[in-house]
Amino acid sequence: MPETVSRPRTDPGTPARARSWWGWGYTDAHPADAECLAMGALLPGTLAAPLPIPQVADLAIGRPALTPPSSLERLVTADPEARAAHAMGKAYRDVIRALRGRPGRIPDLVAHPGSDQDVADLLDWAGGHEVAVIPFGGGSSVVGGVEYRGDDHRAVLSLDLTSMDRVLEIDTASRSARIQAGALGPVLEDQLRPHGLTLRHFPQSFEFSTLGGWLATRAGGHYATVHTHIDDFVQSLRVVAPAATGASWRLPGSGAGPSPDRLFLGSEGALGVITEAWMRLQERPRHKASASVAFTDFGRALDAVRAVAQSDLAPANCRLLDPGEAALSGASRDGSSVLVLGFESATAPVGDRLATALDLARAHGGRGGAPTTDRDEPAPAGDAAVSAWRSAFLRMPYLRDGLARMGAVVETFETAATWDVLPALIDAVRTEVGAAALKATGHPATVNCRLTHVYPDGAAPYFTVAVAGRPGDEVEIWDEIKAVAGDVLHRHRATVTHHHAVGRDHRPGYDRQRPEPFALALRAAKDALDPHHVLNPGVLLD
Ligand SMILES: Cc1cc2nc3c(=O)[nH]c(=O)nc-3n(C[C@H](O)[C@H](O)[C@H](O)COP(=O)(O)OP(=O)(O)OC[C@H]3O[C@@H](n4cnc5c(N)ncnc54)[C@H](O)[C@@H]3O)c2cc1C
């Protein structure tokens, strides 16, 4: 029998940390001006002083175009701070628009539903009054997924799901839990921890993104192989759409026609609002071991990663950093590429698997890699390159915003492709995106690459571009660079996104990529589920 879960007590003495409305994370973690200047000095051509932190009071936030009926008033706010914080996601494009005082359209209202009925009532009202509804989890979208870009609606309502954040039931026999979609990563894990269980899905945005957002975007977690996407953990979904509400059956597997869950996984708030899900859980890993290996030749490093990916070793971490990435994270400063390998298990020591993976890496020219010993949690820091990379990884989004304040154009994009085209794809991105950035700005750009997820048949490269912008034109410059990147990906038949989703920014690439029979079916699903086209207009479909 499933057990009901009680909410963990939060310590009333702990003051809440302020979230940034315009940038990543907590305001107290933003780099200070001096750190911004130091970072800017590394990119020739950036500003002499950081752009000021933008203030909500400086935005021209008018009165809402529409107010809800009194029955919905308790769910809705028109507070300017709340509206500004729900206007955009957290891509570089969003951050620089906020810094330049050009944010996207500010929603008229922000709603915080507490139940499925609240969601259904809000959708009903929206459908009858031409109100666009943008489902909003943590708002960490990097593809324009949570902003309104049209002018076909009378008003825009941001539907913030974060009040629906409970783990409602745990079925220990089937090792699964019923979880509300608005739970942020830490909120969700805090409720599972007392049961010795974990969802074990850790995107870089974990702290500030929600289960519903992960499901709606088919998010990719931290782990490099086996369970790479949130999809793998879904047992059933509950969806409230304007035309219908319902949940799929909880099944460990099923061959009954097309999967109903697959229709809503990745639907990005355009077909319905995911309100809860039964998720497959795992025991918390007790055995961990990691090590890093350096390579002089990036091509040989790619061969090593392919050998590991095509073995049955299934590393939890298998991140290949090119020399630029390795230098940036402090994993290596001598021009080497670095492969970070990690293994985890809840049941058995993993040292042997790590040793075999290291042998494979060394057979392809890898150097070093003394493994940390197999150990129980809490894990010690591990080898220096591994921990340098880990802490740089978490701090990276804050640093990106600091560089944006220096007028830099600094952003990432990711893809996946099969091994046969991967080396050529990475080369082409480096060359053509670098050239596009130089042409657009007159400054040399750095284009770095790391592999985030690896498969027996291919891998997911993740690129970081940094270049000094032209003051005031940063958005246009980034759009130019990104268009070139999109063409390179398309030419190599690499996906427009491995895990960042489509949103509004990736629509051209997505439209080119999806087969026409599928596009027809998607349009039909939209018409049936959302007949007034109020849900996230412009995402996935026109
Ligand atoms: C610094 C940084 C690091 C990131 N790292 C990763 C990463 O490692 N892996 C990864 O996959 N992504 C990553 N992302 C992108 C982003 O975090 C993911 O897309 C994430 O899944 C979004 O979750 P969210 O709760 O913030 O959703 P939001 O940004 O609020 O919404 C994303 C989309 O889902 C829709 N949506 C949200 N909730 C629901 C719901 N309940 N029902 C229906 N639709 C809904 C929205 O309308 C929108 O289209 C990163 C972003 C940033 C800024």
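Residues numbered from 1 in each chain as written. Predicted model: local features only at pLDDT ≥ 70, side-chain atom pairs only at ≥ 80, totals over all residues. Heavy atoms only, no water.

## Description of the overall build of the protein
Here is step 1: Secondary structure assignment for the protein yields 15 helices and 19 strands.
Here is step 2: In terms of overall dimensions, the protein is globule-like: its C-alpha atoms have a radius of gyration of 23 Å, near the 24 Å expected for 542 residues.
Here is step 3: Oriented by its inertia axes, the alpha-carbon framework of the protein measures out at about 70 × 60 × 55 Å.
Here is step 4: Here the protein, with 542 residues, has 56% of them falling under the buried criterion.
Here is step 5: A gap of 1 Å separates the mean positions of the 53 positive and 64 negative side-chain charges of the protein. (Helix = DSSP H or I, 4+ residues; strand = E, 2+ residues; numbered from the N terminus. Rg over C-alpha atoms; globule rule 2.2 N^0.38 Å. Buried < 20%, exposed > 50% of the residue type's maximum accessible area, 1.4 Å probe, protein only. Lys, Arg positive; Asp, Glu negative; His and termini not counted. Charge placed at Lys NZ, Arg CZ, Asp CG, Glu CD.)

## So, the domain arrangement of the protein
Accessible area lost upon the coming together of the parts is a frequently used measure of interface size.
Here is step 1: Taken domain by domain, the protein comprises domain 1 (22-53 + 285-501) and domain 2 (167-283).
Here is step 2: Facing the 25 residues of domain 1 at the interface are 19 residues of domain 2.
Here is step 3: Between domain 1 and domain 2 the total buried area reaches about 1,800 Å² when both faces are included, carbon and sulfur atoms providing 56% of it.
Here is step 4: Together, W24, H453 and A501 form the three largest contributors to the area buried by domain 1 at its contact with domain 2, with a combined 23%.
Here is step 5: One can count 1 salt bridge joining domain 1 with domain 2. (Domains from an automatic or database assignment. Contact = heavy atoms within 4.5 Å. Buried area = accessible area lost by both parts, 1.4 Å probe. Salt bridge = Lys/Arg side-chain N within 4 Å of Asp/Glu carboxyl O.)

## Details of the site of the ligand
Here is step 1: Surveying the vicinity of the ligand reveals 36 residues, the closest of which are P135, G137, S140, S205 and T210.
Here is step 2: Q204 has a polar backbone atom sitting 2.8 Å from an oxygen atom of the ligand.
Here is step 3: One nitrogen or oxygen atom from the main chain of E268 is found 3.1 Å from an oxygen atom belonging to the ligand.
Here is step 4: For the ligand, whose free accessible area comes to 970 Å², the fraction covered by protein is 97%.
Here is step 5: Broken down by element, the residue count for the shell around the ligand peaks at 5 residues, all from helix α6 (residues 211-217).
Here is step 6: Of the residues contributing to the shell around the ligand, the split by class is 15 nonpolar, 19 polar and 2 charged.
Here is step 7: No fewer than three residues from each of domain 1 (22-53 + 285-501) and domain 2 (167-283) sit in the shell around the ligand. (Near = heavy atom within 4 Å. Polar contact = N/O pair within 3.5 Å; in protein donor to acceptor, adjacent residues only side chain to side chain. Areas by Shrake-Rupley, 256 points an atom, 1.4 Å probe, with all protein chains shown as cover. Nonpolar A, V, L, I, M, F, W, Y, C, P; charged D, E, K, R; others polar.)

## Observations concerning the packing of aromatic side chains
Here is step 1: A full pass over the atoms with the stated rule returns 6 aromatic pairs.
Here is step 2: A ring pair is formed by Y26 and F208, whose centres lie 5.1 Å apart and whose planes are at 75 degrees; its orientation type is edge-to-face. You can see Y26 sitting in the loop between β1 (3-4) and α1 (33-40) and its partner F208 sitting in the loop between β8 (197-198) and α6, a full 182 residues away along the chain. Accessibility assignment for this pair places Y26 and F208 in one class, buried.
Here is step 3: Their ring planes at 20 degrees and their centres at 6.3 Å tell us that F206 and W214 sit as a pair that is stacked. (Phe/Tyr/Trp six-rings, centres within 6.5 Å; stacked < 30°, edge-to-face > 60°.)

## A look at the nonpolar core
Here is step 1: Within the largest apolar cluster, 72 residues are counted, with the highest numbers of intra-cluster contacts made by L341, L422, V429 and L451.
Here is step 2: Among the elements that make up this core, the one with the highest residue count is helix α12 (residues 422-441) (8 residues).
Here is step 3: Excluding residues within four positions of it along the chain, L422 makes contact with L302, A417, L451, A459 and P461.
Here is step 4: Counting 39 residues, the second-largest nonpolar core is a separate cluster that includes V167, W214, I230 and A277. (Core = buried A, V, L, I, M, F, W, Y, C linked by side-chain atoms within 4.5 Å.)

## Structural notes on the pairing of strand β5 (residues 155-160)
Here is step 1: Among the 6 residues that make up β5, 6 are buried, leaving the element largely enclosed by the rest of the structure.
Here is step 2: In β5, alternate side chains face the same way, and those of A155, L157 and L159 on one face and V156, S158 and D160 on the other are all buried.
Here is step 3: Pairing between strand β3 (residues 109-111) and β5: 3 bridges, direction parallel. Considered in β5, the bridge of V110 is made with S158.
Here is step 4: When strand β4 (residues 131-136) meets β5, the two strands line up parallel, connected through 6 bridges. Opposite V131, over in β5, you have A155 as the bridge partner. (Pairing = 2+ DSSP bridges.)

## A closer look at helix α4 (residues 116-129)
Here is step 1: Given a rise of 1.5 Å per residue, 14 residues ought to cover 20 Å, and the 20 Å separating the end C-alpha atoms of α4 matches this to within 8%.
Here is step 2: All buried positions along α4 are accounted for by D116, D118, V119, L122, L123, W125, A126 and G127.
Here is step 3: Looking at the buried residues of α4, the elements they touch are β2 (76-77), β3, β4, β5, β9 (234-240) and β11 (273-280). (Expected span 1.5 Å × (residues − 1).)

## A look at the side chain of T275
Here is step 1: Along the chain, the position of T275 falls in strand β11.
Here is step 2: Among the polar contacts listed, one links the side chain of T275 to the side chain of D116, at a separation of 3.0 Å.
Here is step 3: Setting aside chain neighbours within four positions, we find T275 in contact with D116, V119, M164, I179, Q180, A181, R238 and V240.

## Regarding the sheet that holds β3
In a beta sheet, neighbouring strands pair by backbone hydrogen bonds and run either parallel or antiparallel.
Here is step 1: Read across the open sheet, the 4 strands follow the order β2-β3-β5-β4; overall the sheet is mixed. For this open sheet the edge positions go to β2 and β4, each flanked by a neighbour on one side alone.
Here is step 2: Packed on one face of the sheet, α4 meets β2, β3, β4 and β5 and runs near 150 degrees to β4. (Axes fitted to C-alpha atoms, helices over the stretch in contact; angles between N-to-C directions.)

## A few points about the packing of α12 against helix α13 (residues 474-491)
Here is step 1: Close contact between α12 and α13 brings their axes to 9 Å; oriented N to C, the two are set at 155 degrees. With respect to each other, α12 and α13 are oriented roughly antiparallel. Like other packed secondary-structure pairs, α12 and α13 cross with a definite hand, here right-handed. Together, L425, A428, V429, E432, V433, A436, A437, A440 and T441 of α12 and I477, E480, I481, V484, A485, V488, L489 and R491 of α13 make up the contact between the two elements.
Here is step 2: Split by residue class, the contact of α12 with α13 holds 13 nonpolar, 1 polar and 3 charged. (Parallel < 35°, antiparallel > 145°, perpendicular 65-115°, else oblique. Left-handed = near helix turned anticlockwise from the far one by under 90°.)

## Let's talk about the confidence of the model for the protein
When pLDDT drops low, the exact placement of atoms in the prediction is not to be read closely.
Here is step 1: Averaged over every residue, the pLDDT of the protein is 94; the share at 70 or more is 94%.
Here is step 2: pLDDT under 50 marks residues 376-381. Its contacts with residues more than four places away, or in other chains, come to 9 contacts. (pLDDT = per-residue confidence, 0-100.)

## Re the state of the cysteines
Here is step 1: Within this structure, the stated rule accounts for 0 disulfides.
Here is step 2: C449 carries a free sulfur, and the closest cysteine sulfur to it, the one in C318, is 13 Å from it. (Disulfide = S-S within 2.5 Å.)

## Some words on α1
Here is step 1: For α1, the complete set of buried residues consists of C36, M39 and G40. Taken end-on, α1 shows its buried residues confined to a sector of 100 degrees, consistent with a single buried face. (Arc of directions from axis to C-beta.)

## Some details on the environment of P260
Here is step 1: Among the structural elements, P260 can be located in helix α7 (residues 260-264).
Here is step 2: Between the C-alpha atoms of P260 and S248, which are 12 residues apart in sequence, the distance is 6.7 Å.

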